[in-house]
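Descriptive analysis of the structure
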Amino acid sequence: MRRVLICVSIVASDTAGAIAIMQQAAKDGADLVELRLDLMSKPDVDALLVGRPLPVMVTCRPVHAGGGYKGSKEERLALLRRAMELGAEYVDAEPDIVPLLRGYGSAQVVASYHDFNGMPEDLPAVHRALVATGADVVKIAVSARRIEDNLRLFSLLRQADVPTIALAMGEAGLLSRVLQGRFGGHLTFTAPNGGQAAAPGQPELRDMLEMYRVHDIGPDTALYGVIANPVGHSLSPAMHNAAFREIGLDAVYLPLLVEEPRSFIQSFVPLGFRGFSVTIPHKQAVLAVLDEVEPLAQRIGAVNTVVVRDGRLCGYNTDVAGALRSIEETLPAGVSLDGMNALLIGAGGLGRALAFGLTDAGARLTIANRSFERAQQLAAEVGAEAVPLDRLADLKPDLLLQTTSVGMSPNVGESVVPYEMLRPGLIVYDAVYNPLQTRLLREAEQAGCLTISGLGHFVNQGARQFELWTGRPAPREVMRQAVLQRLIHRA
Ligand code: NAP
């Protein structure tokens, strides 16, 4: 199988800036760079190309095609022809000027089409028109409105009989960038490490190389991902891809921006997806799509893990075991959840899961939630007591579990727990793990409580997912480090 090329698109306002980014991209492992002459003031083609450290694609997109070049067609042609004379490996041009570039050098001429607002109805017709220009490579860059739009690009790539690049811009199009090679695409574009993206949705080079391992993705690579909306903040791709890499598995894990889980799962499982993580807001809705659901997940009414097994969709909930394990590991010797007075704050997806897990483990449970009726309903289901959120200060639990999203980045100054409740010896668990130390955990530590961050839970639930998907022991420490690194990088 031919390896897909990784091309760093360079956005720089002048020649010197572009050269600096190109030098760095070469060190960072790019296969080639795209030099966007149209975004530079007075681009010096000779300075850019002579002594270049990497193969280049030279682009000078006019304003009418979505670029920044305001000069005449003749001036644009002159820049591209000069690049060809200097041995540029690729030049990218709009269809009308492709035939005018013949005979100026050995560059592969890329005929490109862009749609910054959506996708044309007849994508194959657009492809045929680009092929008819006689270009060596055809590039189609459209905008994905929904994740399902990627399917049309994949089908185009599979059928193309000339080298083709078919990408969707935007968050929903990330899949097309990462899986370009899997469907036979010629190359994929990335942003430089720490630099500006040339198009919406371009990941950084290091993520393409190290996290998604795009060079290693082939037709047999097993696909996994997290179904969520929003999904951009998810740490699951970093965690699971690090685990796949550690044990040398031919698999990749993707963030999947999904609006409707039924249509997504039905159309994407046939592509080679073997499993999914499921999170907000799809944990309940996904149940209706599944063939089998384990009894615990059925009782909770929420699934966070899907395994595709012999064509059947099987649902699990790994949050319960993941959270309880992280709590039990921290309890002082001789102390167990059995008989413990536990206060659960939150009755959302996670709150529900923990309410079942804690009562099954024998804890005496009180549930508080912003919407009191929700707390009452859950309490009735598991045989617990419900209290309004503003009555927390009256309670004296042994264990406090915070499962609301309060305190999560960017609202790091918030806490749902009154400081007066915090006393030495109280065990405080916070499901929020971004930031690692929430305001609640900081205050709890100051007050002499034993604190448990949501990180352990996150890694445990992910490790269990990994084991369900692969049947292999999860490399927990590698997963933990991958999450920690992302959190530190973001802080
Ligand atoms: P969810 O189903 O959307 O539930 C959200 C919960 O937060 C509800 O109880 C909601 O109360 C409450 N809430 C939201 N805003 C609030 C506010 N301003 N004041 C008081 N309560 C508020 O979400 P979820 O799946 O249960 O997740 C909840 C949190 O747990 C998230 O931060 C998530 O990242 C975290 N989590 C962590 C892990 C982990 O591995 N550590 C795993 C799963 C979830 P109402 O019912 O009144 O709306």
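What this report covers is the structure whose coordinates are included nearby.

Conventions used here
- Residues numbered from 1 in each chain as written.
- Predicted model: local features only at pLDDT ≥ 70, side-chain atom pairs only at ≥ 80, totals over all residues.
- Heavy atoms only, no water.
- Helix = DSSP H or I, 4+ residues; strand = E, 2+ residues; numbered from the N terminus.
- Buried < 20%, exposed > 50% of the residue type's maximum accessible area, 1.4 Å probe, protein only.
- Contact = heavy atoms within 4.5 Å.
- Areas by Shrake-Rupley, 256 points an atom, 1.4 Å probe, with all protein chains shown as cover.
- Lys, Arg positive; Asp, Glu negative; His and termini not counted.
- Charge placed at Lys NZ, Arg CZ, Asp CG, Glu CD.
- 1 Å grid on protein atoms, 1.4 Å probe; cavity = no way out; pocket = protein on both sides within 12 Å on 5 of 7 lines; lining within 4 Å.
- Points joined across faces, edges and corners; volume = space filled by probe spheres on them.
- Domains from an automatic or database assignment.
- Nonpolar A, V, L, I, M, F, W, Y, C, P; charged D, E, K, R; others polar.
- Salt bridge = Lys/Arg side-chain N within 4 Å of Asp/Glu carboxyl O.
- Pairing = 2+ DSSP bridges.
- Axes fitted to C-alpha atoms, helices over the stretch in contact; angles between N-to-C directions.
- Near = heavy atom within 4 Å.
- Polar contact = N/O pair within 3.5 Å; in protein donor to acceptor, adjacent residues only side chain to side chain.
- Sits in = over half its atoms within 2 Å of the grid points.
- Parallel < 35°, antiparallel > 145°, perpendicular 65-115°, else oblique.
- Left-handed = near helix turned anticlockwise from the far one by under 90°.

With respect to the overall build of the protein chain
If you tally the helices and strands in the protein chain, you get 16 helices and 20 strands. With the C-alpha coordinates of the protein chain rotated into their principal frame, the extents come out at 85 × 45 × 40 Å. When burial is assessed residue by residue, the protein chain has 55% of its 491 residues classed as buried. Within the protein chain, contacts between residues separated by at least 24 positions form 64% of all contacts whose residues are at least 6 apart in sequence. A total accessible area of about 19800 Å² is found for the protein chain, and carbon and sulfur atoms account for 50% of it. Between the centroid of the 46 positive side chains of the protein chain and the centroid of its 53 negative side chains there is a distance of 1 Å.

Examining the layout of surface pockets
In this structure, the largest pocket spans a volume of roughly 1300 Å³. T279, I280, L350, S405 and M408 are, among the 49 residues lining the largest pocket, the residues nearest its centre. Those elements giving two or more residues to the lining of the largest pocket turn out to be β9 (222–228), β11 (273–278), α12 (349–360), β16 (364–369) and α15 (454–470). It is α15 that contributes the most residues to the lining of the largest pocket, five residues altogether. Taken domain by domain, the lining of the largest pocket gets at least three of its residues from each of domain 2 (237–317 + 459–485) and domain 3 (331–452). As a volume, the second largest pocket reaches approximately 950 Å³. When residues of the lining of the second largest pocket are traced back to their parent elements, those giving at least two are α7 (205–211), α8 (236–246) and α16 (476–490). Looking at which element gives the most residues to the lining of the second largest pocket, the answer is α16, with six residues. The class makeup of the residues in the lining of the second largest pocket is 14 nonpolar, nine polar and eight charged. The residues that make up the lining of the second largest pocket include at least three from each of domain 1 (5–219) and domain 2 (237–317 + 459–485).

A few points about the pattern of salt bridges
Considering all chains together, one arrives at 24 salt bridges under this definition. With a closest N to O distance of 4.0 Å, E34 and R61 form a salt bridge. Of this pair, E34 sits in strand β2 (residues 32–36) while R61 sits in the loop between β3 (56–59) and α3 (73–85), placing them 27 residues apart in sequence. When its relative accessible area of 2% is taken as the criterion, E34 is described as buried. Two residues, D136 and R102, come together in a salt bridge whose shortest N-O distance is 3.9 Å. Residue D136 is located in the loop between α4 (123–131) and β6 (137–143), and its partner R102 is located in the loop between β4 (90–93) and β5 (108–114); the two are separated by 34 residues in the primary sequence. We classify D136 as partly exposed; its relative accessible area is 29%. The partly exposed category is assigned to R102, whose relative accessible area is 42%. When salt bridges with common partners are traced through the structure, they connect E34, R61, R76, D92, E94 and K139 into a single cluster.

Focus on the sheet that holds strand β10 (residues 251–257)
Each strand in a sheet pairs with another by means of backbone hydrogen bonds, the pair being arranged parallel or else antiparallel. Ordered in space as β10-β9-β11-β13-β14-β12, the six strands form an open sheet in which the pairing is mixed. Only two strands of the sheet have a single partner each, and these edge strands are β10 and β12 (292–293). Across three bridges, the pairing between β11 and strand β13 (residues 305–309) is antiparallel. Paired with G275 across the strands is V307, a residue of β13. Contacting β9, β10, β11 and β14 (312–316), helix α9 (residues 261–268) runs over the sheet at an angle of about 160° to β11.

Section: the site of the ligand
Close to the ligand lie 23 residues; G349, L350, N369, S371 and R374 are nearest. Between the ligand and R374, the relevant distance is 2.6 Å, taken from an oxygen atom to a side-chain nitrogen or oxygen of the residue. Measuring from a nitrogen atom of the ligand, one finds a side-chain N or O atom of H457 at 3.4 Å. Relative to its free-state accessible area of 930 Å², the ligand is covered by the protein chains to the extent of 80%. Cavity membership is defined here by more than half of the atoms lying within 2 Å of grid points; on that basis the ligand lies in the largest pocket. For the shell around the ligand, the elements supplying multiple residues, two or more each, are α12 and α15.

Considerations on the packing of α8 against α16
Put simply, α8 and α16 touch, their axes get as near as 8 Å, and they point 140° apart. With respect to α16, the axis of α8 lies oblique. Where α8 crosses over α16, the two elements pack in a sense that is right-handed. Side by side, α8 and α16 meet where A238, M239, H240, A242, A243 and E246 of the first sit next to V478, M479, A482, V483 and R486 of the second.

The analysis is restricted to geometry; functional conclusions fall outside its scope.
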